[in-house]
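# Breakdown of the fold
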Amino acid sequence: VYFRPMTLEKPKVLLPLVNVPMINYTLELLASNGVHEVFVLCCAHADKMEAHLEESVYKRTMKLHVIHCENSFSEGDALRHIEQMHVLKSDFILIGGDVIANINLKHVLE
């Protein structure tokens, strides 16, 4: 779903849902499931994402990395870009930053 014109100035994942940026729900899901390192792939407005994560409470318990990729339009593009950077050293979970869920990922992470 596109959220223009709101996303002309900030990424969709920083738009609020119940006064909380959507990405915070995703970060909470990952943190509550024991994830310690997160790579956030940004296609636009990476500077705003970096600023948000720098102020985030999640940076105390997780390593948060912002990856700039202006040519990523799908999950496949994102995976190709991440693979080319050689940042993944083991199994991983690919999840959209606008996912609002309360699921147990611990079996997936084992």
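Below is a summary of the structure that appears in this document. All of these numbers come straight from a predicted model, not from anything done at the bench.

### Comments concerning the overall build of the protein chain
- Each helix and strand counted, the protein chain has four helices and four strands in total.
- A globule of 110 residues ought to have a C-alpha radius of gyration of about 13 Å, and the protein chain, at 14 Å, matches this closely.
- Overall, the protein chain is about 40 × 35 × 25 Å in size when its C-alpha atoms are taken along their principal axes.
- Considering the protein chain as a whole, with its 110 residues, one finds that 31% of them fall into the buried category.
- Excluding contacts between residues fewer than 6 apart, the proportion of contacts in the protein chain whose partners are at least 24 apart in sequence is 66%.
- Roughly 7700 Å² of accessible area belongs to the protein chain as shown, and the carbon and sulfur atoms make up 55% of that amount.
- Positive and negative side-chain charges in the protein chain, numbering 10 and 14 respectively, have mean positions lying 3 Å apart.

### Examining the environment of methionine 6
- Its place among the elements puts methionine 6 in the segment before strand E1 (16–17).
- The partly exposed category is assigned to methionine 6, whose relative accessible area is 48%.
- Along the backbone, methionine 6 and alanine 51 are 45 residues apart, and their C-alpha atoms lie at a distance of 18 Å.

### Overview of the side chain of asparagine 33
- With respect to the helices and strands, the residue asparagine 33 is situated in the loop between helix H1 (22–32) and strand E3 (37–42).
- Reaching out from asparagine 33, the side chain makes a polar contact with the backbone oxygen of isoleucine 103 at a distance of 3.2 Å.
- A distance of 3.5 Å separates the side chain of asparagine 33 from the backbone nitrogen of lysine 106, its partner in a polar contact.

### Observations regarding the environment of glutamate 70
- Following the sequence through the fold, glutamate 70 ends up in the loop between strand E4 (63–68) and helix H3 (75–85).
- On the basis of relative accessibility, which here comes to 66%, the residue glutamate 70 falls in the exposed class.
- Through-space distance from the C-alpha of glutamate 70 to that of alanine 44 is 6.2 Å; in sequence the pair is 26 residues apart.

### Observations concerning unusual backbone geometry
- Residue proline 5 is reached from arginine 4 by a cis peptide bond, and omega for that bond is 10 degrees.
- With respect to the helices, strands and loops of the structure, proline 5 is situated in the segment before E1.
- Even without being a glycine, asparagine 19 presents a positive backbone phi close to 65 degrees.
- Mapped onto the elements of the fold, asparagine 19 is located in the loop between E1 and strand E2 (20–21).
- Take asparagine 19: its relative accessible area is 75%, and that puts it in the exposed class.
- The backbone of histidine 45 shows a phi angle near 60 degrees, a positive value even though the residue is not glycine.
- One can find histidine 45 in the loop between E3 and helix H2 (46–54).
- Residue classification places histidine 45 among the partly exposed residues on the basis of a relative accessible area of 22%.

What counts and what doesn't
- One numbering rule holds for all chains: residues counted from 1, following each sequence as written.
- Local features are withheld for residues below a pLDDT of 70 in this predicted model, meaning they are given only at 70 or higher, and side-chain atom pairs are given and counted only at 80 or more; totals for whole chains, interfaces and linings count all residues.
- Side-chain metrics rest on all non-hydrogen atoms present in the structure, leaving aside hydrogens and water.
- Secondary structure elements follow DSSP: runs of H or I of four or more residues count as helices, runs of E of two or more count as strands, with numbering from the N terminus.
- For a compact globule the rule gives 2.2 Å times the number of residues to the power 0.38, and the radius of gyration it is set against comes from C-alpha atoms.
- Accessible area is worked out with a 1.4 Å probe on protein chains only. A residue is then buried under 20% of its type maximum, exposed over 50%, and partly exposed in between.
- The criterion used for residue contact is that any of the two residues' heavy atoms lie within 4.5 Å.
- Calculation of accessible area relied on Shrake-Rupley with a 1.4 Å probe; when residues are assessed, cover is drawn exclusively from the protein chains displayed.
- We treat Lys and Arg as the positive residues and Asp and Glu as the negative residues; His and chain ends play no part in the count.
- Think of each charge as sitting on NZ of Lys, CZ of Arg, CG of Asp or CD of Glu.
- Polar contact is the term for a pair of N or O atoms within 3.5 Å; when the atoms are in protein, one must be able to donate a hydrogen and the other to accept it, and sequence-neighboring residues count only if both atoms are side-chain atoms.

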